[in-house]
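# Observations on the model geometry
One-letter residues, chain by chain:
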Amino acid sequence: MGGDKTRTIIGQEIPNIPWEERPSGCTDVVWRSKRNPIIPRNLIPSSNSIFNSAVVPFQDGFAGVFRCDDRRRMMQLHAGRSVDGINWEIDNERIRFVSDDPEIGRFEYGYDPRVCWIEDRYYVTWCNGYHGPTIGVGYTYDFKTFCQLENAFLPYNRNGVLFPRKINGKYAMLSRPSDTGHTPFGDIFYSESPDMIHWGRHRHVMSPIGGWQSTKIGAGPTPIETTEGWLLIYHGVLTSCNGFVYSVGAALLDIDEPWKVIARTYPYIMSPQELYECVGDVPNVVFPCAALADAATGRIAIYYGAADTVTGLAFTQVDELIEFIKENSV
């Protein structure tokens, strides 16, 4: 793509973004890496599974926070680094958050992280155990030392996803209120904060509808700012006769009032179809947690958990995806 006037993505250039062209004969708007799964379940000695990976550009390469369920089957968060976004070195020891308050800093469990660069640091959000699942918030500058802030919400909540900049002068986050169990419901809500500590002004964004997103939905990667609105990649759940099935959709949200949905895919853009997505610790799951977006080319690389066991990588092109959303909206 040419100069700034032709760019759809409003953001940074990532010249070394992982990328593979659409395979010959593939007509899908999202296609998988031929190297999948890019992260196996046993990449580090302590892991039973590595999935739901939060990846961002860092220095000359990439870094991230990964859900690594250990061999006790306890849910942990680990830091990792990569030169190319494909081959990863993940710390064998979990992240030890630095916290001034032992009440908040007492680690119970952590899973499904997201990482988002805002202003001067990388913020991490995750499903944090505090008398039930809630949204933990922390930050890092170097992916070595991680500081923990207050939990954003009361239990119960999941899928806390920050926007990459302040909106109307406030930090902004999407989340999905839940319950003590494996939530049989779930709408996406918008919240804002003046200081990343106190969250309020909650607004409803989207509800489950039919088919693949009929049971519950949740925000996926950090929303991508575009000339058409905020591009949100999200997951949806169908309750089948054989249990939950997790698929992926996309929506456009208003740039100034992101609780207003401009368009939303009725069909999924990706569903569990490959063996590594259908067979694993939790069958039939594709769960996106990160997306790298290159403003210069419009390329998007999506990191997703497969069958709650391994990490996969998929690709799309921003203009094609936005056109798909508009042409296939609810």
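What comes next concerns the included structure. (Residues numbered from 1 in each chain as written. Predicted model: local features only at pLDDT ≥ 70, side-chain atom pairs only at ≥ 80, totals over all residues. Heavy atoms only, no water.)

## Side note on the sheet that holds strand 1 (residues 31-32)
With antiparallel pairing, the four strands of this open sheet are ordered in space as 1-21-20-19. Edge positions in the sheet fall to strand 1 and strand 19 (286-293), since each of these pairs with one other strand and no more. Along the sheet, helix 3 (residues 318-327) contacts strand 20 (299-306) and strand 21 (310-317); its crossing angle with strand 21, the most-contacted strand, is approximately 85°. (Pairing = 2+ DSSP bridges. Helix = DSSP H or I, 4+ residues; strand = E, 2+ residues; numbered from the N terminus. Contact = heavy atoms within 4.5 Å. Axes fitted to C-alpha atoms, helices over the stretch in contact; angles between N-to-C directions.)

## Structural notes on the pattern of salt bridges
Under the defined criterion, the tally for this structure stands at 19 salt bridges. Residue Glu13 is joined to Arg7 by a salt bridge in which the shortest nitrogen-to-oxygen separation is 2.7 Å. A salt bridge links Arg106 to Glu103, with the nearest nitrogen and oxygen atoms 4.0 Å apart. For Glu103, a relative accessible area of 34% corresponds to the partly exposed category. (Salt bridge = Lys/Arg side-chain N within 4 Å of Asp/Glu carboxyl O. Buried < 20%, exposed > 50% of the residue type's maximum accessible area, 1.4 Å probe, protein only.)

## Some thoughts on the pairing of strand 21
Taken across its eight residues, strand 21 has eight buried, putting it largely inside the fold. Side chains Val310, Gly312, Ala314 and Thr316 of strand 21 all project onto a buried face; the interleaved residues Thr311, Leu313, Phe315 and Gln317 project onto the opposite face, where all are buried too. Two strands pair when backbone bridges link them, and strand 1 and strand 21 are joined in this way by two bridges, in the antiparallel orientation. Its bridge partner lying in strand 21, Arg32 is registered against Ala314. In terms of strand pairing, strand 20 meets strand 21 through eight bridges, oriented antiparallel.

## Things to note about the nonpolar core
Residues Leu231, Ile269, Met270 and Ile300 are the most contacted members of the largest nonpolar core, which totals 27 residues. Secondary structure elements with two or more residues in this core: strand 16 (229-240), strand 17 (243-253), strand 19, strand 20, strand 21 and helix 3. Counting residues in each nonpolar core, the second largest holds 21 residues, with Ile50, Val55, Phe62 and Leu313 among its members. (Core = buried A, V, L, I, M, F, W, Y, C linked by side-chain atoms within 4.5 Å.)

## Overview of the sheet that holds strand 9 (residues 146-148)
Taken in spatial order, the four strands line up as 6-7-8-9 in an open sheet, and their pairing is antiparallel. Looking at the sheet topology across the chains shown, the edges are occupied by strand 6 (110-118) and strand 9. Between one strand axis and the next, the sheet turns by 30° as a mean value, whatever way the strands run. Pairing between strand 7 (residues 121-129) and strand 8 (residues 133-140): eight bridges, direction antiparallel. Within strand 8, the position partnered with Tyr123 by the bridge is Tyr139.

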